[in-house]
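Examining the three-dimensional arrangement
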Amino acid sequence: MTDTQYDVAVIGAGPGGYAAAFQAADLGLRTALIDQDPQLGGVCLLRGCIPSKALLHAARLITDAEEAQVFGIQFGKPQLDLAALRQRIKTAIIGKLTKGVQTLASSRKVDVIHARATLKNATTLTLSGSESRELSFAHAILATGSRPSIPASLKIDDPRVMDSTSALELPDIPTRLLVIGGGYIGLELGTVYQALGSEVTLVEALPRLLTGVDSDLVRPLQQRMQRRFKAIRLDTKVEKLEARKDGIAVSLTGQAGNTTEVFDRVLVAVGRRPNSEQLGLEQTKVAISPQGFVQVDHQRRTAEPTIFAIGDVAGEPMLAHKATHEGLIAARVIAGRQAAFDVAAIPAVVFTDPEIAWCGLTEEAAKASGQAVTVARFPWAASGRATTLGRNDGVTKLVLDAEYGRILGVGICGVGAGELISEGVLAVEMGAVAEDMAGSIHPHPTLSETLMEAAESFHGQPTHIYTSKR
Ligand SMILES: Cc1cc2nc3c(=O)[nH]c(=O)nc-3n(C[C@H](O)[C@H](O)[C@H](O)COP(=O)(O)OP(=O)(O)OC[C@H]3O[C@@H](n4cnc5c(N)ncnc54)[C@H](O)[C@@H]3O)c2cc1C
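Residues numbered from 1 in each chain as written. Predicted model: local features only at pLDDT ≥ 70, side-chain atom pairs only at ≥ 80, totals over all residues. Heavy atoms only, no water.

**Considering the sheet that holds strand E10 (residues 199-203)**
Strand pairing in a sheet relies on backbone hydrogen bonds, with the paired strands running either antiparallel or parallel. The parallel open sheet is built from five strands, whose spatial order is E8-E15-E9-E10-E11. Among the strands making up the open sheet, the edge pair consists of strand E8 (161-162) and strand E11 (231-233). Inspection of the sheet shows strand E9 (residues 176-180) paired to strand E15 (residues 265-268) by four bridges, in the parallel sense. Bridge pairing in E15 links Ile-180 to Val-268. Across the sheet, helix H6 (residues 184-196) is in contact with E8, E9, E10 and E15; its angle to E10 comes to roughly 165°. (Pairing = 2+ DSSP bridges. Helix = DSSP H or I, 4+ residues; strand = E, 2+ residues; numbered from the N terminus. Contact = heavy atoms within 4.5 Å. Axes fitted to C-alpha atoms, helices over the stretch in contact; angles between N-to-C directions.)

**Details of the state of the cysteines**
Under the defined criterion, the tally for this structure stands at one disulfide. For Cys-44, the disulfide goes to Cys-49, at an S-S distance of 2.3 Å. Looking down the S-S bond of the Cys-44 and Cys-49 bridge, the torsion is -125°, so its handedness is left-handed. Residue Cys-44 is classed as buried on the basis of its relative accessible area, which comes to 15%. Cys-359 takes part in no disulfide bond, and the closest cysteine sulfur, belonging to Cys-413, lies 15 Å away. Given the relative accessible area of 1%, Cys-359 is considered buried. Residue class for Cys-413 comes out buried when judged on its relative accessible area of 0%. (Disulfide = S-S within 2.5 Å. Buried < 20%, exposed > 50% of the residue type's maximum accessible area, 1.4 Å probe, protein only.)

**What about a nonpolar patch on the surface?**
Nonpolar side chains collect at one region of the surface, where Val-70, Phe-71, Ile-73 and Phe-75 lie side by side and expose about 460 Å² of accessible area between them. Relative to the assigned elements, Phe-75 resides in the loop between helix H3 (49-67) and helix H4 (82-107). (Patch = residues over 30% accessible without salt bridge, like charges linked within 9 Å, V, L, I, M, F, W, Y side chains within 5 Å. Areas by Shrake-Rupley, 256 points an atom, 1.4 Å probe, with all protein chains shown as cover. Salt bridge = Lys/Arg side-chain N within 4 Å of Asp/Glu carboxyl O.)

**Concerning the packing of aromatic side chains**
Tallied over the entire structure, the rule returns one aromatic pair. Where Tyr-18 meets Phe-22, the ring centres are 5.5 Å apart and the plane angle is 45°; that geometry is what we call tilted. Within this pair, Tyr-18 and its partner Phe-22 are both found in helix H1 (residues 15-26), separated by four residues, close to a single helical turn. Classification of Phe-22 by relative accessible area gives buried; the value is 6%. Sitting above the plane of the Tyr-6 ring, Arg-30 keeps its charged end 4.2 Å from the centroid. (Phe/Tyr/Trp six-rings, centres within 6.5 Å; stacked < 30°, edge-to-face > 60°. Lys NZ or Arg CZ within 6 Å of the ring centre and 35° of its normal.)

**Section: the sheet that holds strand E12 (residues 237-244)**
An order of E12-E13-E14 is seen for the three strands of this open sheet, with the pairing classed as antiparallel. Each end of this open sheet is capped by a strand with a single partner; those strands are E12 and strand E14 (257-263). Pairs of neighbouring strands in the sheet enclose a mean axial angle of 20°, with direction left out of account. Sheet topology places E12 next to strand E13 (residues 247-254); seven bridges connect them, and they run antiparallel. What sits directly across from Glu-242, in E13, is Ala-249.

**So, the pattern of salt bridges**
Applying the stated rule across the entire model yields 27 salt bridges. The closest approach of N and O atoms between Asp-216 and Arg-377, which form a salt bridge, is 2.8 Å. Of this pair, Asp-216 sits in helix H7 (residues 215-228) while Arg-377 sits in strand E20 (residues 373-379), placing them 161 residues apart in sequence. Owing to a relative accessible area of 12%, Asp-216 belongs among the buried residues under this scheme. Of the charged contacts in the structure, one is a salt bridge between Glu-363 and Lys-397, with a shortest N-O distance of 2.7 Å.

**A few points about the site of the ligand**
As a structural note, the neighbourhood of the ligand is formed by 38 residues, with Gly-16, Asp-35, Lys-53, Asp-312 and Ala-320 the closest of them. A distance of 3.2 Å separates an oxygen atom of the ligand from a polar atom in the backbone of Cys-44. Relative to its free-state accessible area of 990 Å², the ligand is covered by the protein chains to the extent of 97%. The set of elements that each furnish at least two residues to the shell around the ligand consists of H1, strand E2 (31-35), helix H2 (42-47), H3, strand E4 (116-121), H6 and helix H8 (320-334). Counting residues per element, the shell around the ligand draws most heavily on H2, at four residues. Partitioned by chemical class, the residues of the shell around the ligand number 18 nonpolar, 14 polar and six charged. No fewer than three residues from each of domain 1 (3-148 + 273-334) and domain 2 (152-270) sit in the shell around the ligand. (Near = heavy atom within 4 Å. Polar contact = N/O pair within 3.5 Å; in protein donor to acceptor, adjacent residues only side chain to side chain. Nonpolar A, V, L, I, M, F, W, Y, C, P; charged D, E, K, R; others polar. Domains from an automatic or database assignment.)

**Quick look at the packing of H1 against H8**
Contact pair H1 / H8: the axes reach a minimum separation of 7 Å and the direction vectors enclose 30°. Between H1 and H8, the angle falls in the class roughly parallel. The handedness of the crossing between H1 and H8 comes out as right-handed. Contact with H1, carried on its side by Pro-15, Gly-16, Ala-19, Ala-20, Gln-23 and Ala-24, involves Ala-320, Ala-323, Thr-324, Gly-327, Leu-328, Ala-331 and Arg-332 of H8 and no other residues of that element. (Parallel < 35°, antiparallel > 145°, perpendicular 65-115°, else oblique. Left-handed = near helix turned anticlockwise from the far one by under 90°.)

**Section: the environment of Glu-67**
Mapped onto the secondary structure, Glu-67 falls in helix H3. In the structure, Glu-67 is positioned 311 residues away from Phe-378 in sequence and 25 Å away in space, judged by C-alpha atoms. Setting aside anything within four residues of it in sequence, one finds Glu-67 in contact with Arg-224, Arg-228 and Arg-391. A distance of 3.0 Å separates polar atoms of two side chains, one belonging to Glu-67 and the other to Arg-224.

**Observations concerning the domain arrangement of the protein chain**
Each assigned domain of the protein chain is listed with its residue range as follows: domain 1 (3-148 + 273-334), domain 2 (152-270) and domain 3 (348-459). On a C-alpha basis, the centroid separation for the pair domain 2 and domain 3 is 30 Å. Between domain 2 and domain 3, the residue contacts involve 17 residues of the former and 20 residues of the latter. At the boundary of domain 2 with domain 3, total buried surface from both sides reaches about 1500 Å², with 60% on carbon and sulfur atoms. The largest per-residue losses of area from domain 2 upon contact with domain 3 belong to Asp-214, Leu-217 and Arg-224, which jointly make up 38% of the total buried on that side. Linking domain 2 with domain 3 are five salt bridges, by the criterion used here. Between Asp-353 and Arg-224 there is a salt bridge, and its shortest N-O distance comes to 2.8 Å. Here domain 2 is connected to domain 3 by nine residue pairs in polar contact (both at pLDDT 80 or more). Among the elements of the structure, H6 and H7 are those that each provide at least two residues to the side of domain 2 that touches domain 3. Of all the elements, H7 adds the most residues to the side of domain 2 that touches domain 3, at eight residues. (Buried area = accessible area lost by both parts, 1.4 Å probe.)

Structure representation (structure tokens):
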């Protein structure tokens, strides 16, 4: 094998691509990991999950300090050093993690190539950028991810109109910020800017926030956001943006009629688009869906036998952990192992305050499909741990098969929901029934008890709730 011949060439070093490359190398395959970015880690590490969660942590420090007064503790007004915050995220967080990925790649003898890759045919890549050459492969894994999608009507050439990438750079803290989009990215970044001092207005074209998430899980978050944000306007469409000296003039159509309002900055967070263009896919048999996703089977093979695809470019949900899992599957299949993407529950977390997390079947999806389910709910008003934290604004629910109580889905809204959901994922994947969860002793006092108590209500009364039977 020459320097330019690989068993596996992985295009894209995000959480899907680097996991795939590491697994391929661990299984004895000569592997190249190619990314056009000078740093490894993809969107998730460089301009997605990691910087947004670091900022949300900073936001939480501020709001926790504000709310500490109920415990008789008063802090002064926070002094914000934006340069220090940016530097911490850049160096101590992103810098540290990307170096870690680089070290793991070299320990495994994965060849890291910083270049833009396009397919010349089903076994050859053309590299351009800092390295211009060709590379041949027995198998390639497309892990090129996604990018923010901004509709033409909202595209104006003005730095005050931001996408998630520029918003994460914290150019400044605008006095008046408009967030367009009530999905998780808009809600998370709106939470950050509000805590850092902006007056945030959020508009969503649909009648609800977080479409697809059960409304009883969204309610506690929406109530808190309504108190902290200047306004949340549902059923409201942004018609036009116009750059003015005094700000961005935004024309809105909604329940309040047509209005034009001026904001210092606007964040457009209305969706993401897969990076499946300009990859040379037309030189291969790889098929693309109308939404631009590379079409794959259960083993993440495309229509071209030598090419696999994983992560955001291969379909919804566009989440890092789904990308990683697919990466492991694709690499194992290429190495000749028995493997398939066969999961019952992909967790999703909205890292707002409170957090929302769910996995498996939702109550609303069950209703829409006519599936007979029982929903077991435990309000956090009855949780001792939630009370000690001063955060009774939560709910835990299980979506259970009506006859046997098999756990089909789990939803949680409350502080730390993102950590709690993994027990739900395990329960759904293992085919657990309510009794399994109810009969597993959960430590006291913890928020995890809310899962146990929700499960108890399938067969009787949870210990900390009493409803008289008539
Ligand atoms: C603000 C924000 C917050 C998010 N928060 C979360 C979260 O909390 N949890 C979660 O699970 N997900 C989150 N996501 C989504 C998550 O970032 C993605 O699902 C994940 O990064 C997808 O991983 P991937 O491996 O498919 O591709 P990506 O991470 O998108 O990486 C793709 C890589 O491919 C490279 N590339 C593309 N084309 C080429 C080419 N032709 N040649 C060479 N290199 C190429 C790119 O440079 C990039 O590095 C967030 C996203 C955003 C924007």
